[in-house]
Amino acid sequence: MDDAKMSTEQVEETRFAAAQAEFGHHKERILVLQGGGALGAYQAGVYQGLAAAGFAPNWVAGTSIGAINAALVAGNPPDRRVARLSEFWNRVSGGRFAVVPPAGMDFMRPWLNRMSAAAVATFGVAGFFSPRFPPPALSPDGSVGALSFYDTEPLRETLNELVDFDLVNSGKVRLSLGAVNVRTGESIYFDTTTHKINAGHVMASGSLPPGFPPVKIDGEWYWDGGLMSNTPLLHVAQDLRIDALVIQVDLFSGLGDMPTNIEEVCERAKDIQYQSKRRLSMEMMRHLEDIRSTLAEVLEMLPEAKKSDPRVQKLSTVSRRGALSLVHIVNRHDTQSNNFKDYEFSRATVMDLWRAGRDDIHRAMTSPRSGRVTDIGSGVRFFDF
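Given the structure is predicted, the values throughout are model-derived calculations rather than measurements.

Criteria and cut-off values
Residues numbered from 1 in each chain as written. Predicted model: local features only at pLDDT ≥ 70, side-chain atom pairs only at ≥ 80, totals over all residues. Heavy atoms only, no water. Salt bridge = Lys/Arg side-chain N within 4 Å of Asp/Glu carboxyl O. Helix = DSSP H or I, 4+ residues; strand = E, 2+ residues; numbered from the N terminus. Axes fitted to C-alpha atoms, helices over the stretch in contact; angles between N-to-C directions. Parallel < 35°, antiparallel > 145°, perpendicular 65-115°, else oblique. Contact = heavy atoms within 4.5 Å. Nonpolar A, V, L, I, M, F, W, Y, C, P; charged D, E, K, R; others polar. Pairing = 2+ DSSP bridges. Buried < 20%, exposed > 50% of the residue type's maximum accessible area, 1.4 Å probe, protein only. Core = buried A, V, L, I, M, F, W, Y, C linked by side-chain atoms within 4.5 Å. Phe/Tyr/Trp six-rings, centres within 6.5 Å; stacked < 30°, edge-to-face > 60°. Lys NZ or Arg CZ within 6 Å of the ring centre and 35° of its normal.

Once their charged atoms are close, side chains differing in charge can pair, the charge on each being opposite to the other. Scanning all chains against the criterion turns up 19 salt bridges. Notably, a salt bridge pairs Asp 191 with Arg 174, separated by 3.0 Å at the nearest N-O pair. Here Asp 191, found in strand β6 (residues 187-191), pairs with Arg 174, found in strand β5 (residues 174-181); they are 17 residues apart in sequence, far enough to count as distant. Residue Lys 307 is joined to Glu 300 by a salt bridge in which the shortest nitrogen-to-oxygen separation is 3.9 Å. Salt bridges sharing partners connect three or more residues here, namely Arg 84, Glu 87, Arg 91 and Glu 161.

It is worth spelling out the packing of helix α4 (residues 81-92) against helix α13 (residues 347-366) at this point. Remark: α4 packs on α13, axes separated minimally by 10 Å, with the N-to-C direction vectors making an angle of 150°. The pairing of α4 with α13 is recorded here as roughly antiparallel in orientation. Contacts from Val 82, Leu 85, Ser 86, Trp 89 and Asn 90 of α4 reach α13 at Arg 347, Val 350 and Trp 354. Per-class residue counts for the contact of α4 with α13 are five nonpolar, two polar and one charged.

This part covers the pairing of strand β11 (residues 372-377). Sheet topology places β11 next to strand β12 (residues 380-384); five bridges connect them, and they run antiparallel. Residue Asp 375 lies in a different strand from β12, and its bridge partner there is Arg 381. Linking β11 back to β12 in an antiparallel pair, the connection comprises two residues, with Ser 378 at a positive phi of about 60°.

Counting buried residues along strand β9 (residues 244-250), seven of its seven residues qualify, which places the element largely inside the surrounding structure. In β9, alternate side chains face the same way, and those of Ala 244, Val 246, Gln 248 and Asp 250 on one face and Leu 245, Ile 247 and Val 249 on the other are all buried. Of the strand pairs in this sheet, strand β1 (residues 28-33) and β9 are connected by six bridges, and their pairing is parallel. Note that in β9 the partner of Leu 31 across the bridge is Ile 247. By the bridge criterion, seven bridges tie β9 to strand β10 (residues 324-330) in an arrangement that is parallel. By the bridge assignment, Leu 245 is partnered in β10 with Ser 325.

Our next topic: the nonpolar core. Within the largest apolar cluster, 67 residues are counted, with the highest numbers of intra-cluster contacts made by Ile 68, Phe 88, Trp 89, Phe 128, Leu 159 and Leu 175. Tallying contributions element by element places helix α3 (residues 65-74) first for this core, with eight residues. Excluding residues within four positions of it along the chain, Trp 89 makes contact with Gly 37, Ala 38, Gly 40, Ala 41, Ala 44, Ile 65, Asn 69, Phe 345, Val 350 and Trp 354. In terms of nonpolar packing, the next biggest core, distinct from the first, is built from 14 residues, Ile 30, Val 32, Trp 59 and Leu 326 among them.

Turning to the packing of aromatic side chains, a few remarks are in order. According to the stated counting rule, one finds twelve aromatic pairs in the structure shown. Considering the side-chain rings of Phe 128 and Phe 129, the 5.2 Å spacing of their centres and the 75° angle between planes classify their relative orientation as edge-to-face. Like Phe 128, the residue Phe 129 is buried in the burial classification. A centroid spacing of 5.1 Å and a plane angle of 80° characterise the contact between Phe 190 and Tyr 222, whose relative ring orientation is edge-to-face. Within this pair, whereas Phe 190 is found in strand β6, its partner Tyr 222 is found in strand β8 (residues 220-224), the two being separated by 32 residues in sequence. The residues Phe 190 and Tyr 222 share a single accessibility class, namely buried. Three or more aromatic residues link up through ring pairs in this structure, and these residues are Phe 88, Trp 89, Phe 128, Phe 129, Tyr 150, Phe 212 and Phe 345. The cationic tip of Arg 174 hangs over the ring face of Trp 59; the distance from NZ or CZ to the ring centre is 3.8 Å.

This is a description of form; function is not addressed.
Pasting the structure below:
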């Protein structure tokens, strides 16, 4: 049957089936979402494309805005996820930001985006955060009001409205949210396998100081996980025996041009700071797989009588792993928002990012070999788009 005789859903599912033949058939489907503020609309577009293709994750891991998108996915049934994502992104890009200039006025976008970012800094974002009054300098030391410029309680209301936390904690889809303990400086992942997740855990993952306040959970205070690691891939990869197709969606690109002015310097520095440390991760994985395969070879050399030893069996378990395919999607869309792109929530920009994410994952599924494919052995492959 050719594309003209198929429904849109059938076309997308057929393309995903073809792509999966390249990516490999795996037991687990994992979605990994990086932090990046307003850029998170790109992830929502990617998810819309994945959902249309029939990709349904059984594990979603996110940091900061990625944690919010992850909660919206895990906390809704499959047929409502895209609608809930759309509702959230329409809400935060509403009000004074909702005007979308006609195509003939594209030359004004940089100026309009700058005004939008200035409005966010001044008035906050509806359903997300609002400026503190009095400001932190006039609040008593030790109070929550003294610890941030904005109040994020509006986000708690939004999350409780759009996310079914009973569903989140049901175990149907595993959810992992990256955060940092303010007192110890240690990274932590709130995970449905170890925690009962609520709106506070999601807010903690996105509490980037000094804009947002820390969130208190079980007697400890937590900040944005992006302070330690903006991409929760290493948390997912801790269980190196998983057989999984991992879709990683990054909002900041490690690749970029040499800056030509101070605004571009600030933007480039932010990209580098919050990019995924992919080269480090790949070298680490390559090293681990080399050790694993060597260990398996050595264990095979042991006499049969030794293989029943509990210590040998423990090593044998570590030496085996399932196949792993990592599909890496990176937002390289220019929103014309320079160094304030992560807090520029205009409707026009959110729509552009959503479309860009949807189009990028569509291209990846249509032409899975169009990216760079790296095979590091032992069934571990990276697809970079």
